[in-house]
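What follows is the residue order along each chain.
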Amino acid sequence: MSYIIVLGNEKGGTGKSTISMHILVNILRLGASVGTIDIDARQGTLSRYIENRKNYIAQTGIPLPQSEHIRLYRSEAEYSGDAKNEDQKNLENALESLSHKDYIIIDTPGSDTYISRLAHSHANTIITPINDSFIDLDVIMQLDSLHDNLKPSIYAEMIWEQKKERAIRNKQSIDWIVMRNRLSNIQAKNKLEMESILSLLSKRLGFRFSAGFGERVIFRELFLKGLTLLDLEDTGQTLTLSHISAKQELRNLIDMMRLPITHDKITTV
Ligand SMILES: Nc1ncnc2c1ncn2[C@@H]1O[C@H](COP(=O)(O)OP(=O)(O)O)[C@@H](O)[C@H]1O
Ligand SMILES: [Mg+2]
């Protein structure tokens, strides 16, 4: 059985695809095999990222590790019942065809779709990146100015439902990790407030939260070549201090995920 990691957040542009790519390359470099499924196929960021990597390898001859990838489009069936059946069948087929892999990573769209809910229900780990603002917190919990009237968002309720689904289906649990992404050096007061709210929410909603990744230009530059922070040395690029810090942030995330198989090897990457 593959270990399934789902990147999800009902908001676009929070870093799901970028982080999917970094997690998958990190796991490959730990020596495990990885299959990837892009169910945000229309936007196709992860698919294009992986395609760019393939082209880079072909052009340079540098043998970088790759995943086996499936780009899964949503059903175009006219009736919603037919569309749901087709989506379910397609996702199950994709999971089945990658079931020989140690890990399967699923990148999802920034919107609520049936296939995205299904993908969440198959997860061993769900990672929800949020940007460093109170607007983004709304994706997991609706806050008022005094923080005394907390109401889980539709997305948090959906994860709750999928946790129940999974427990019924095979008595397994889902580890939900909320991570901050694109952290900037905003005022210390705002930062502390975010941290205390996140720690309060993590207890209420049952997620663990990770310090996350800083805002770094390198993430935007890597996409076109299909590279990640972990490929810089192999491709002859000099690491700056910022790259080293970013790699450390990635390592912290992977470590926090407590992945099976690779856990004892993680610290050596
Ligand atoms: N830590 C980061 N620092 C700087 N830019 C980032 C970071 N994470 C993501 N980005 C950029 O933000 C944009 C959205 O990221 P993406 O991974 O496509 O988000 P999503 O998949 O959630 O829509 C991309 O241009 C990406 O390069
Ligand atoms: Mg995306």
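Look a little higher up for the structure.
Residue positions are given per chain, counted from 1 along the sequence in the order it is written. Both sets of labels track the order of writing: A upward for chains, 1 upward for ligands. Local features in this predicted model are restricted to residues whose pLDDT is 70 or higher, and side-chain atom pairs enter the listing and the counts only when it is 80 or higher, whereas totals over whole chains, interfaces and linings include all residues. Side-chain numbers here rest on the full set of heavy atoms in the structure, without hydrogens or water.

Caption draft 1: Representation of the overall build of the protein. Only DSSP runs of H or I reaching four residues or more are called helices, and only runs of E reaching two or more are called strands; each is numbered from the N terminus. Helix and strand content of the protein: 9 helices and 9 strands. Radius of gyration (C-alpha) of the protein: 18 Å, near the 18 Å computed for a compact globule of 269 residues. Projected onto its principal axes, the C-alpha positions of the protein cover 55 × 50 × 35 Å. Exposure categories follow from relative accessible area, calculated using a 1.4 Å probe and restricted to protein chains: below 20% of the type maximum is buried, above 50% is exposed, and the middle band is partly exposed. Scored against the burial criterion, the 269 residues of the protein give a buried share of 50%. Here the analysis covers contacts within the protein between residues at least 6 apart in sequence; of these, 77% occur between residues at least 24 apart. Working definition of accessibility: Shrake-Rupley area with a 1.4 Å probe, residue cover restricted to the visible protein chains. Carbon and sulfur atoms make up 50% of the accessible area of the protein, which totals about 13,100 Å². Counted as positive: Lys and Arg. Counted as negative: Asp and Glu, with His and the chain ends omitted from the count. Note that the charge is assigned to NZ on lysines, CZ on arginines, CG on aspartates and CD on glutamates. Considering the protein, the positive charge centre built from 33 side chains and the negative charge centre built from 34 side chains are found 3 Å apart. Here the radius of gyration uses the C-alpha set of atoms, whereas the globule reference equals 2.2 Å times the residue count to the power 0.38. When checking whether two residues touch, look at their non-hydrogen atoms; a contact exists if any pair is within 4.5 Å.

Caption draft 2: Geometry of the side chain of D136. Mapped onto the fold, D136 is located in helix α5 (residues 134-137). The buried category is assigned to D136, whose relative accessible area is 2%. The residues touching D136, leaving out its near neighbours within four places in the chain, are K11, T14, I130 and N131.

Caption draft 3: Layout of the packing of aromatic side chains. Stacked, edge-to-face and tilted are the three classes for Phe, Tyr and Trp ring pairs, Trp counted by its six-membered ring, which pair at centre distances within 6.5 Å; planes under 30 degrees apart are stacked, over 60 edge-to-face, the rest tilted. Taken as a whole, this structure holds 5 aromatic pairs when the rule is applied. Summarising the aromatic geometry, the rings of Y155 and W176 are spaced 6.3 Å apart at their centres and angled 70° between planes, so their arrangement reads as edge-to-face. Note that Y155 is positioned in helix α6 (residues 154-170) and W176 in strand β8 (residues 175-181), a separation of 21 residues in sequence. For Y155, a relative accessible area of 2% corresponds to the buried category. What links up through ring pairs into an aromatic cluster is the set Y155, W176 and F207.

Caption draft 4: View of helix α1 (residues 16-29). Given a helix with a known number of residues, its expected span is that number minus one, times 1.5 Å. When the terminal C-alpha atoms of α1 are compared, their 20 Å separation across 14 residues agrees well with the 20 Å that a helix rising 1.5 Å per residue should span. Across the 14 residues that make up α1, a large majority, 12, are buried. The complete set of buried residues in α1 reads K16, S17, I19, S20, M21, H22, I23, L24, V25, N26, I27 and L28. Looking one or two residues beyond α1, the residue adopting positive phi is G31, at roughly 95°.

Caption draft 5: Examining the pairing of strand β5 (residues 125-131) more closely. Across the 7 residues that make up β5, a large majority, 7, are buried. As judged from the 3 bridges shared by strand β1 (residues 3-7) and β5, these two strands associate in the parallel manner. Bridging across to β5, I5 finds its partner in T125. By this definition, two strands are paired if DSSP reports at least two bridges between them. Two elements, β5 and β8, share 7 bridges in a ladder whose sense is parallel. Bridge pairing links T125 to D175 in β8.

Caption draft 6: Structural context of the site of ligand 1. Think of it this way: one heavy atom of a residue within 4 Å of a molecule or strand is enough to make that residue near it. Around ligand 1 sit 15 residues in total, of which G13, K16, T18, G214 and R216 are the nearest. We define a polar contact as two N or O atoms separated by no more than 3.5 Å, with the added condition that, inside protein, one atom must be a possible hydrogen donor and the other a possible acceptor, whereas residues neighbouring each other in sequence contribute only through side-chain atom pairs. Residue N181 places a side-chain N or O atom 2.9 Å away from a nitrogen atom belonging to ligand 1. In the environment of ligand 1, an oxygen atom lies 2.9 Å from a nitrogen or oxygen atom belonging to the side chain of R182. The protein chains hide 85% of the 560 Å² of surface that ligand 1 would expose on its own. Those elements giving two or more residues to the shell around ligand 1 turn out to be α1 and α8 (217-222). Here the shell around ligand 1 takes 3 residues from α1, the largest share from any one element. By the convention adopted, Pro, Cys, Tyr, Trp, Phe, Met, Ile, Leu, Val and Ala count as nonpolar, Lys, Arg, Asp and Glu as charged, and the other residues, Gly among them, as polar. Its residues assigned to classes, the shell around ligand 1 comprises 1 nonpolar, 9 polar and 5 charged.

Caption draft 7: Seen up close, the packing of α1 against helix α9 (residues 241-257). Orientation of α1 relative to α9, taken along the N-to-C sense of each, is 75°, at an axis distance of 11 Å. Classed by the angle they form, the pair α1 and α9 counts as roughly perpendicular. Here α1 contributes I19, H22, I23 and N26 to the contact with α9, which in turn contributes L250, L253, I254 and M257. Grouping the constituent residues of the contact of α1 with α9 by class yields 6 nonpolar, 2 polar and no charged. Lines fitted to C-alpha atoms define the axes here, with helix axes fitted over just the stretch in contact, and angles between the N-to-C directions of these axes take values from 0 to 180 degrees. Angles are sorted into four bins: roughly parallel if under 35 degrees, roughly antiparallel if over 145, roughly perpendicular if 65 to 115, and oblique for all others.

Read these as geometric descriptors, not functional statements.
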